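One letter stands for each residue in the lines below.
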There are 4 protein chains.
Amino acid sequence: MRSSGGTKAKAKAKAGSGARWRRRKDARPSEIAAAALECFAERGFAACSLDDIAARAGVSKGTLYLYFRNKEELFKAVVRQALLPRIALFEEKAAATDPAPRQLERFISAWPALIAAPHLGAIPKLMIAEAGNFPELARFYLEEVIGRARSLIIGIIRRGIERGELRRVDPEAAFFSVVAPLLIAVLWKQTFERQDKQALDVEALCRTHLAILLRGLAQDAKR
Amino acid sequence: MRSSGGTKAKAKAKAGSGARWRRRKDARPSEIAAAALECFAERGFAACSLDDIAARAGVSKGTLYLYFRNKEELFKAVVRQALLPRIALFEEKAAATDPAPRQLERFISAWPALIAAPHLGAIPKLMIAEAGNFPELARFYLEEVIGRARSLIIGIIRRGIERGELRRVDPEAAFFSVVAPLLIAVLWKQTFERQDKQALDVEALCRTHLAILLRGLAQDAKR
Amino acid sequence: MRSSGGTKAKAKAKAGSGARWRRRKDARPSEIAAAALECFAERGFAACSLDDIAARAGVSKGTLYLYFRNKEELFKAVVRQALLPRIALFEEKAAATDPAPRQLERFISAWPALIAAPHLGAIPKLMIAEAGNFPELARFYLEEVIGRARSLIIGIIRRGIERGELRRVDPEAAFFSVVAPLLIAVLWKQTFERQDKQALDVEALCRTHLAILLRGLAQDAKR
Amino acid sequence: MRSSGGTKAKAKAKAGSGARWRRRKDARPSEIAAAALECFAERGFAACSLDDIAARAGVSKGTLYLYFRNKEELFKAVVRQALLPRIALFEEKAAATDPAPRQLERFISAWPALIAAPHLGAIPKLMIAEAGNFPELARFYLEEVIGRARSLIIGIIRRGIERGELRRVDPEAAFFSVVAPLLIAVLWKQTFERQDKQALDVEALCRTHLAILLRGLAQDAKR
DNA sequence: GATGAATGAGATTTCATTCAT
DNA sequence: GATGAATGAAATCTCATTCAT
């Protein structure tokens with residue numbers, strides 16, 4: 001978030017000499033952010049000290065402040081950075097012209113792989129824990145992440161109903177039926193697997209979820 | 001700002017009859033627990049100071065230590081006390097001999113009323129946020145709450161399949177399909193309604209969830 | 001500044017038992033303020049650490065925060081408290097009906113005793129050093145201290161001129177001629193005596209100042 | 001915010017002729033000193049960070065250390081450099097053979113112009129604020145600046161008395177009567193004008209001061 | 001010579017916990 | 001039992017100083 005434009009320009013200019021150091025410098029913010037996300041995910045915002053984060057990132061405490069104004073800004077930056085690259089992905093798939101059931105299947109089947117990305121899985125948990133303390137961030141998440149997912153899913157359902165592919169349900173409410181098991185899967189992994197190794201079979205969960213969902217939404221066989 | 005109002009009220013109570021004071025005294029632990037739960041739910045364990053809790057409970061900070069060994073014990077006690085009375089309720093309904101769809105319907109329809117209870121709704125959120133920091137508590141929750149709910153639901157599904165009331169699905173995985181939308185509803189209320197007043201229509205959600213679920217689990221129509 | 005009203009009421013109520021402790025508590029803020037003023041006077045606001053102040057006041061660092069919200073508030077409170085009791089004194093002498101030269105004499109002669117008071121002498125130095133960093137405090141000092149002194153002195157001079165006791169001068173500008181040597185005396189003591197023991201004979205300074213001033217302001221001998 | 005403007009300007013200079021750069025390089029220390037003096041004057045020694053100074057001087061923080069061993073040395077150098085050129089001026093006027101009143105008049109009349117020099121005005125304020133933390137510097141100031149001024153003024157007064165131009169007063173004490181209003185004028189400008197725009201009419205102040213002083217010191221009209 | 005990223009010591013501030021009353 | 005003043009350990013944050021480039 002800080003000084004990115006200027007330094008890049010200079011890096012190009014100097015090119016040869018200080019390349020390694022420069023690359024290091026450019027990498028610092030994301031190294032720190034990664035360490036911080038890990039730490040926040042494990043212990044929560046408040047319980048995670050800057051000492052921990054600094055140590056995990058392999059820098060001194062003071063260095064954190066070169067890149068983030070304070071702990072809260074670090075947290076917000078970390079969450080935003082974890083989300084931003086993914087937000088775009090949502091949209092591009094939205095316009096698909098496949099039948100609704102096929103689209104839902106694609107969406108749900110992709111989940112196990114998506115969840116495996118370590119950075120992303122922690123976000124919902126952090127949002128649930130800290131929404132009250134970071135209202136601004138909560139609003140961002142609500143609009144940019146949940147809002148988009150919601151539009152996407154509701155669009156699929158609504159078009160499915162119009163085309164007669166799905167039976168008539170309240171699309172708003174059905175959104176929760178579609179995503180809830182997926183979210184619970186992420187939360188479960190972050191909450192209970194961390195310590196007790198209560199492994200959850202996400203594949204099976206998604207398979208069963210999809211089966212029940214598609215049947216549940218299916219148009220009554222020719223009647 | 002420093003809890004003046006509360007203490008004055010107490011001073012008055014003290015002056016009154018011994019009986020009222022006695023009742024008050026016996027109530028102290030649960031009053032404190034209630035205040036603590038409220039506070040923890042709003043801000044999380046670490047961000048919630050004992051000053052806040054004491055002020056909210058209308059007692060002095062020192063008094064907290066008469067009833068709870070330290071902040072962690074207070075947290076654990078608070079969570080346990082919120083859960084214990086509910087745990088028994090689960091079991092008694094488990095033996096029901098109703099058909100599986102009817103049992104699921106009863107379970108899901110009861111949800112809106114259940115999560116209106118202010119104390120209970122905060123627990124899942126707190127568990128998600130703090131499981132990592134309170135492994136012992138997480139284990140308790142996993143076994144005594146989730147475990148029981150799981151046995152109950154899985155039992156219903158399994159018997160439903162055996163009796164031919166439900167079609168054949170993986171009961172373990174179906175458990176998530178049953179409870180996920182319900183949990184997400186609680187979490188949503190705790191996470192986003194607090195500030196943005198993004199009111200969620202839990203009734204509609206449950207109705208739609210039930211409709212989809214029962215269809216999704218239904219045995220193929222007479223074949 | 002904090003919680004004074006409530007505690008006093010209670011102190012009366014409890015009266016007997018906790019007298020010593022209570023007296024201690026009531027005394028704390030001024031003990032701390034005294035230590036802080038000493039420390040600030042010696043080293044300046046920024047160079048004086050809360051560790052120093054706490055040690056000098058014989059309390060722990062945390063205790064400072066029971067009575068003052070932060071270091072800046074402590075500073076402001078310390079300056080204000082050192083000034084407030086003195087401000088009233090100014091006014092009462094203002095209405096005097098003595099001849100102007102006599103009034104000036106009384107004012108200037110009182111100075112050596114006034115600046116012997118250790119608490120008061122440090123204030124002008126601190127104001128000069130920190131006015132830029134504490135604009136609000138500077139305004140308070142300007143209005144409540146300098147402003148009053150100014151009105152007083154200008155009033156004396158103006159009336160003196162009207163009555164023909166003093167010759168005609170610009171009262172605004174003459175104010176500085178009256179007070180400047182007195183202020184410089186205080187500043188000198190705070191600035192150079194502290195270390196080099198360059199003792200300044202304030203009595204002689206005031207005597208000479210008065211002699212020159214009264215002659216300088218005297219009406220031309222009957223002409 | 002981070003001194004981008006300054007560095008760009010320099011980059012351009014670097015590209016130009018060697019001569020200009022050279023001149024720039026030689027000027028560095030005094031540019032830095034000027035920036036530092038400004039900054040110290042505004043906020044005081046401790047409250048003024050090297051970041052501020054570097055930014056104001058248009059150099060990087062590291063560069064400061066090429067010219068000054070550390071912050072304290074920078075401060076001392078800055079004060080000394082502001083004073084040194086002026087010290088010589090004092091002496092040369094000391095030997096004047098004018099009558100004492102005329103010499104005092106010249107001295108005091110020169111003050112408004114002297115004060116206007118921005119660099120010089122800050123020194124007394126800084127000395128008052130920091131004498132306790134820089135005893136060595138205080139001694140230097142006491143001897144080289146105040147001491148010289150004192151010798152000068154006392155010499156004038158003493159010779160004035162001897163020649164019968166002034167009446168008999170304690171020259172040591174009279175020194176304060178001469179300089180105090182002038183010093184207070186500087187201090188006032190540095191302390192209160194900075195923010196509240198409480199403009200002080202230094203000309204009027206000096207005029208009135210001179211009038212009172214000369215009358216106050218004047219030999220009794222032939223009696 | 002000049003830079004500015006990095007450091008770590010030290011500052012302020014918070015808060016769970018204790019204990020005299 | 002109840003209080004709340006006091007503590008001190010630990011947290012966040014700042015900044016003078018260093019040093020690889």
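In this text the structure is predicted, and so the values were computed from the model without any measurement.

Caption draft 1: Layout of the overall build of chain A. The secondary structure content of chain A amounts to eleven helices and zero strands. Along chain A, from the amino end to the carboxyl end, the secondary structure elements read α-α-α-α-α-α-α-α-α-α-α. Classification of the 223 residues of chain A by burial places 48% in the buried group. Pairs at least 24 apart in sequence give 69% of the contacts found in chain A among residues at least 6 apart. Accessible area for chain A stands at about 11,100 Å²; split by element, carbon and sulfur atoms hold 54% of it.

Caption draft 2: Structural view of the pattern of salt bridges. Under the counting rule described, the total for this entry stands at 54 salt bridges over all chains. Between Asp98(A) and Arg106(A) there is a salt bridge, with its nearest N and O atoms 2.5 Å apart. Here Arg69(D) makes a salt bridge to Glu73(D), at a shortest N to O gap of 3.9 Å. According to the relative accessible area criterion, Arg69(D) is exposed, its value standing at 64%. Via salt bridges that share partners, Arg69(A), Glu73(A), Lys76(A) and Glu136(A) belong to a single interconnected network.

Caption draft 3: Summary view of the interface of chain D and chain C. The interface of chain D with chain C comprises 49 residues on the first partner and 48 residues on the second. Between chain D and chain C, a total of about 4,100 Å² is buried, with carbon and sulfur atoms accounting for 69% of that surface. There are zero salt bridges connecting chain D and chain C. Counting across the interface, chain D meets chain C through four residue pairs in polar contact (both at pLDDT 80 or more). Secondary-structure elements contributing two or more residues to the side of chain D that touches chain C are α2 (18–43), α7 (118–130), α8 (135–162), α9 (171–196) and α10 (202–217) of chain D. With 14 residues, the single largest contributor to the side of chain D that touches chain C is α9(D). Counted by class, the side of chain D that touches chain C contains 30 nonpolar, nine polar and ten charged residues.

Caption draft 4: Broad picture of the relation of the copies chain D and chain C. Superposing chain D onto chain C requires a rotation of 180° together with a translation of 0.0 Å along the rotation axis, leaving an RMSD of 0.1 Å. Viewed as a symmetry operation, the transformation between the two copies matches a two-fold axis. In terms of C-alpha distance to the rotation axis, chain D has Gly216(D) as its closest residue, with the C-alpha 1.9 Å off the axis. When the interface residues of chain D are mapped onto chain C, 98% of them again fall at the interface, so both copies present the same face.

Caption draft 5: Geometry of the environment of Pro171(C). By the secondary structure assignment, Pro171(C) is in helix α9 (residues 171–196). Separated by 18 residues in sequence, Pro171(C) and Ile153(C) place their C-alpha atoms 8.4 Å apart.

Caption draft 6: Up close: empty space enclosed by the protein. Here the structure, examined in full by the defined rule, presents seven cavities of 30 Å³ or more. What the largest cavity holds in volume is close to 100 Å³. Looking at the largest cavity, it is lined by 16 residues, and the ones nearest its centre are Glu130(C), Gly44(D), Phe45(D), Ala46(D) and Glu130(D). Secondary structure elements with two or more residues in the lining of the largest cavity: α7 (118–130) of chain C together with α7 of chain D. A breakdown of the residues in the lining of the largest cavity according to their chemical character gives eight nonpolar, four polar and four charged.

Caption draft 7: Looking closely at the packing of α7(D) against α8(D). Residue and element names in this part refer to chain D. Two numbers describe how α7 lies on α8: the axes approach to 10 Å, and their chain directions differ by 130°. Between α7 and α8, the crossing angle belongs to the class labelled oblique. Once α7 is placed against α8, the crossing between them reads as left-handed. Where α7 abuts α8, its residues Ile-123, Pro-124 and Met-127 lie against Leu-137, Ala-138 and Tyr-141. In the contact of α7 with α8, the residues fall into six nonpolar, no polar and no charged.

Caption draft 8: Structural context of the packing of helix α6 (residues 100–116) of chain C against helix α8 (residues 135–162) of chain C. All names here are of chain C. Here α6 crosses α8 at 155°, and the two axes come no closer than 9 Å. With respect to α8, the axis of α6 lies roughly antiparallel. Across the interface between the two elements, Ala-100, Gln-103, Leu-104 and Phe-107 of α6 pack against Leu-152, Ile-153, Ile-156, Arg-159 and Gly-160 of α8. Here the residues of the contact of α6 with α8 sort into six nonpolar, two polar and one charged.

Caption draft 9: Spatial organisation of the packing of aromatic side chains. Overall, the coordinates contain 40 aromatic pairs over all chains when judged by the stated rule. A ring pair is formed by Phe45(B) and Phe134(B), whose centres lie 5.0 Å apart and whose planes are at 85°; its orientation type is edge-to-face. One end of the pair, Phe45(B), is in the loop between α2 (18–43) and α3 (50–57); the other, Phe134(B), is in the loop between α7 (118–130) and α8 (135–162), with 89 residues separating them in the sequence. Overall, Phe134(B) belongs to the buried group, its relative accessible area being 4%. Through successive ring pairs, a cluster of aromatic residues spans Tyr141(A), Phe175(A), Phe176(A), Trp188(B) and Phe192(B). Its end group placed over the ring of Phe45(C), Lys71(C) keeps NZ or CZ at 4.5 Å from the ring centre. Looking at Arg80(D), its charged tip hangs above the ring of Phe140(D), at a distance of 4.5 Å from the centre.

Caption draft 10: Molecular detail of the environment of Arg215(B). By the secondary structure assignment, Arg215(B) is in helix α10 (residues 202–217). If near-sequence neighbours (up to four positions away) are discounted, Arg215(B) is found in contact with Arg167(A), Arg215(A), Gly216(A), Ala218(A) and Asp220(A).

Caption draft 11: Highlighting helix α10 (residues 202–217) of chain C. Every buried residue belonging to α10(C) is among Val202(C), Ala204(C), Leu205(C), Cys206(C), Thr208(C), His209(C), Leu210(C), Ile212(C), Leu213(C), Gly216(C) and Leu217(C), and all of these are buried. The backbone nitrogen of Glu203(C) lies 3.2 Å from a side-chain oxygen of the residue at the head of α10(C), namely Asp201(C).

Caption draft 12: Spatial organisation of the confidence of the model for chain A. Residue and element names in this part refer to chain A. In the predicted model, chain A carries a mean pLDDT of 86, and the fraction of residues at 70 or more is 83%. Element-level pLDDT for chain A is lowest in helix α1 (residues 4–14), with a mean of 36, against a maximum mean of 97 in helix α11 (residues 202–217). In the predicted structure, residues 1–20 sits below a pLDDT of 50 and forms eight contacts with residues beyond four places in sequence or in another chain.

Caption draft 13: Up close: the side chain of Arg28(C). Residue and element names in this part refer to chain C. Here Arg-28 is to be found in helix α2 (residues 19–43). Assessed through its relative accessible area of 16%, Arg-28 is described here as buried. In this structure Arg-28 touches Val-59 and Tyr-67, once residues within four positions along its chain are discounted.

Caption draft 14: Main features of the side chain of Thr208(B). Within the element layout of this structure, Thr208(B) appears in helix α10. Take Thr208(B): its relative accessible area is 10%, and that puts it in the buried class. Sequence-distant contacts of Thr208(B), that is, excluding residues within four places in its chain, are made with Asp170(A), Ala173(A) and Ala174(A).

Rules behind the numbers
- Residues numbered from 1 in each chain as written.
- Chains lettered and ligands numbered in written order.
- Predicted model: local features only at pLDDT ≥ 70, side-chain atom pairs only at ≥ 80, totals over all residues.
- Heavy atoms only, no water.
- Helix = DSSP H or I, 4+ residues; strand = E, 2+ residues; numbered from the N terminus.
- Buried < 20%, exposed > 50% of the residue type's maximum accessible area, 1.4 Å probe, protein only.
- Contact = heavy atoms within 4.5 Å.
- Areas by Shrake-Rupley, 256 points an atom, 1.4 Å probe, with all protein chains shown as cover.
- Salt bridge = Lys/Arg side-chain N within 4 Å of Asp/Glu carboxyl O.
- Buried area = accessible area lost by both parts, 1.4 Å probe.
- Polar contact = N/O pair within 3.5 Å; in protein donor to acceptor, adjacent residues only side chain to side chain.
- Nonpolar A, V, L, I, M, F, W, Y, C, P; charged D, E, K, R; others polar.
- Least-squares fit on C-alpha atoms with pLDDT ≥ 70 in both.
- 1 Å grid on protein atoms, 1.4 Å probe; cavity = no way out; pocket = protein on both sides within 12 Å on 5 of 7 lines; lining within 4 Å.
- Points joined across faces, edges and corners; volume = space filled by probe spheres on them.
- Axes fitted to C-alpha atoms, helices over the stretch in contact; angles between N-to-C directions.
- Parallel < 35°, antiparallel > 145°, perpendicular 65-115°, else oblique.
- Left-handed = near helix turned anticlockwise from the far one by under 90°.
- Phe/Tyr/Trp six-rings, centres within 6.5 Å; stacked < 30°, edge-to-face > 60°.
- Lys NZ or Arg CZ within 6 Å of the ring centre and 35° of its normal.
- pLDDT = per-residue confidence, 0-100.

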